[in-house]
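# Coordinate inspection notes
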There are 2 protein chains.
Amino acid sequence: MVRARPFAVTSVDAMVEGVHFRLDWASPADVGHRALAAALSDLAAMGADPGEAYVALAVPERFGDDAVLELARGMGALAERTGTTIAGGDLVRAPVLMVSVTVVGWAESEDALVGRGGARAGDLVGVTGTLGGAAAAMAALERGEDPSGAGAYLRPEPRLAEGRALAAVGVSAMIDLSDGVAGDAAHVGRRSGACLRIDLELLPCAPGASVEQAAAGGEDFELLACVPPAAVEHVRGLTWIGEVVDGPPGAAFSRAGAAVDLRGYDHFR
Amino acid sequence: MVRARPFAVTSVDAMVEGVHFRLDWASPADVGHRALAAALSDLAAMGADPGEAYVALAVPERFGDDAVLELARGMGALAERTGTTIAGGDLVRAPVLMVSVTVVGWAESEDALVGRGGARAGDLVGVTGTLGGAAAAMAALERGEDPSGAGAYLRPEPRLAEGRALAAVGVSAMIDLSDGVAGDAAHVGRRSGACLRIDLELLPCAPGASVEQAAAGGEDFELLACVPPAAVEHVRGLTWIGEVVDGPPGAAFSRAGAAVDLRGYDHFR
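Residues numbered from 1 in each chain as written. Chains lettered and ligands numbered in written order. Predicted model: local features only at pLDDT ≥ 70, side-chain atom pairs only at ≥ 80, totals over all residues.

## Notes on the overall build of chain A
Within chain A one finds eight helices and twelve strands. Relative to its length of 269 residues, chain A is compact, with a C-alpha radius of gyration of 18 Å against a globular reference of 18 Å. With the principal axes as the frame, chain A shows a C-alpha extent of 55 × 50 × 30 Å. Taking all 269 residues of chain A together, the buried fraction comes to 54%. Put simply, 87% of the contacts in chain A that link residues at least 6 apart link residues at least 24 apart. (Helix = DSSP H or I, 4+ residues; strand = E, 2+ residues; numbered from the N terminus. Rg over C-alpha atoms; globule rule 2.2 N^0.38 Å. Buried ≥ 20, exposed ≤ 12 C-beta atoms within 10 Å, placed from the backbone. Contact = placed C-beta atoms within 7 Å.)

What follows is the structure, given as structure tokens:
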């Protein structure tokens, strides 16, 4: 039982072996970390404080008790560091490993939370960190290269502090880049009834990542924020990648002045 | 975003194709109904009002869009009827169908909620409804018989009204019979530091169900409640199956006066 604060937001994230991770790349602890990180990343994008996490774990017999404990420890370490309480769950059998994490975040007022539908023409669009690192790491793993350089992919860090700070200075809309800029910017645009115009040459590519990986790779779990002009001077730590304009709801991408079609990257995976 | 009431309780229930259901027995709508019913059943056992449900759905390609919609409709119909809002979720690919439901229930005060650890020597032990119906239906389905008689198994009804009524008259402990009396009574006993002494001849067997199915079959989603003597006269609709005594924490089962060993039924599935 949890004593509630006034407003609750909740996020669900499911990861499936062979679809979202491979156990020859990721350790059980990586899987635990990553599943919680992905769910917390959604809370970060709302500017919410993490509260409780509820975990459904579906485990094949070949994934032994030691591996389950290691997974729980990987998740628990991130939970402790972010102030998240793992408050319940369900453990079942399955032919492949699946982890579904539901996290509840709390806020003292409605105004403290940021949604995806508030972007307005004139806002600047910025992102935290660098992009494409997860996609580049996954490509390297697929080529059989050393997974020790794959931290960005295997152990993404939810941008909780950055999300709270951006919410506090009054950004108009925010989303975490789980699908990649291509899909997620379009999502904010559609929800806001505006067009996010993104210049691909401005994307802060991670070391070794191509522009395509930065734009469409996904799973970086950085934040994309739309910032009204009055709030721009209060913002720290964003790289500006475009602006919000009147136009067909969604996102438009350009490179060296020419339009680039990134539709079709708004997949479900 | 949800405006919170003072106390939140949360339950997680995951169901996996081939482990918890078979798609040649259960329709997609049955699966949707059943996954939500199992999660709501936990709230019923706490005496909580259902609030929001968050659903992680992992879907193989062979389970097409129409089937996903049918599953959602089956879940949605039960949600509407029970006052539950399906407030979010995640949809991912997987080799087998998996549904994980996290439900949040709310209460105005801590006293309004019932846990599993409050049973005391002298309490009577009762159950709602009949037991073994789900196990008997599953056995019939395994024999290739008509699934039209398998409603108890495919469409269990969470005992929300019964749970609230029992909480209101002051039961000391409550649990939903998802694993069966054998496992769940022992669970309440261990949590309470007392022994639930159950007479198997008193179990209200469902039509066609054996005593073994009623005791150990599970998935009936009825409620087991421990009722202090002072509250017994206010209780309606329970069948008394035993009493709480001082003794080794857990449960003890007897039949025609002889002890019956039901250990090993406290499985995870």
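## Concerning the pairing of strand β11 (residues 250–255) of chain A
All names here are of chain A. Where strand β8 (residues 195–199) and β11 come together, five bridges link them in parallel fashion. When the sheet's bridge partners are listed, Ile198 is paired in β11 with Phe253. Where β11 lies against strand β12 (residues 258–260), three bridges are found, and the strand directions are antiparallel. Residue pairing across strands places Phe253 opposite Val260, the latter belonging to β12. (Pairing = 2+ DSSP bridges.)

## Some remarks on the sheet that holds strand β9 (residues 223–227) of chain A
All names here are of chain A. The seven strands are arranged β7-β9-β6-β10-β8-β11-β12 in an open sheet whose pairing can be described as mixed. Both edges of this open sheet fall to β7 (173–176) and β12, since each of them pairs with a single strand only. Strand-to-strand, the axes of this sheet are offset by a mean angle of 30°, without reference to chain direction. Bridging between strand β6 (residues 124–127) and strand β10 (residues 239–245) involves four bridges; their strand directions are antiparallel. Bridging across to β10, Leu124 finds its partner in Glu243. In this fold helix α1 (residues 28–46) packs onto β7 and β9, with an angle of close to 170° to the strand it touches most, β7. Those strands touched by helix α5 (residues 160–168) are β7 and β9, and its axis lies near 10° from that of β9. (Axes fitted to C-alpha atoms, helices over the stretch in contact; angles between N-to-C directions.)

## Remarks on the interface of chain B and chain A
At the interface, 37 residues of chain B touch 36 residues of chain A. When contributions to the side of chain B that touches chain A are tallied by element, the ones reaching two or more residues are β1 (2–3), β2 (7–16), β3 (49–59), β4 (85–93) and β5 (98–107) of chain B. The element that contributes the greatest number of residues to the side of chain B that touches chain A is β2(B), accounting for eight residues. Pairing between strand β1 (residues 2–3) of chain A and β2(B): two bridges, direction antiparallel. Across the sheet, residue Arg3(A) finds its bridge partner in β2(B), namely Phe7(B).

## Here's the deal with the relation of the copies chain B and chain A
Laying chain B over chain A is done by rotating through 179° and shifting 0.0 Å along the axis; what remains is an RMSD of 0.0 Å. On the angle and the small slide along the axis, the relation comes out as a two-fold axis. The C-alpha atom lying nearest the rotation axis in chain B is that of Ala4(B); the distance is 3.2 Å. Comparing interface residues between copies, 97% of those in chain B also lie at the interface in chain A; the contact surface is shared. (Least-squares fit on C-alpha atoms with pLDDT ≥ 70 in both.)

## Topic: the nonpolar core
Generally speaking, nonpolar side chains in soluble globular proteins are found buried as a group. Of all hydrophobic cores here, the largest spans 188 residues; its most connected members are Met98(A), Leu224(A), Met98(B) and Leu224(B). With residues up to four places along the chain from it excluded, the contact list for Met98(A) reads Ala14(A), Val16(A), Glu17(A), Ala58(A), Ala58(B), Ala94(B) and Met98(B). (Core = buried A, V, L, I, M, F, W, Y, C linked by C-beta atoms within 7 Å.)

## Focus on helix α3 (residues 133–142) of chain A
Residues and elements named next belong to chain A. Listed as buried for α3 are Gly133, Ala134, Ala135, Ala136, Ala137 and Met138. In the core, the buried residues of α3 are packed alongside α4 (151–154) and α7 (211–216). Gly144 occupies a position one or two residues after α3 and carries a positive phi of about 85°.

## Observations concerning the environment of Ala72(A)
With respect to the element layout, Ala72(A) can be found in helix α2 (residues 65–82). Between the C-alpha atoms of Ala72(A) and Pro6(A), which are 66 residues apart in sequence, the distance is 30 Å.

## Quick look at the environment of Leu223(A)
All names here are of chain A. Looking at the element boundaries, Leu223 is found in strand β9. Once the C-alpha coordinates of Leu223 and Val19 are considered, the two residues, 204 residues apart in sequence, prove to be 23 Å apart. Excluding anything up to four places from it in sequence, Leu223 contacts Ala44, Ala45, Val127, Thr128, Arg159, Glu162, Gly163, Leu166, Met174 and Asp176.

## A few points about the confidence of the model for chain A
Of the residues in chain A, 96% reach a pLDDT of 70 or more, and the chain-wide mean stands at 92. Reported for the predicted complex are a pTM of 0.85 and an ipTM of 0.78. (pLDDT = per-residue confidence, 0-100.)

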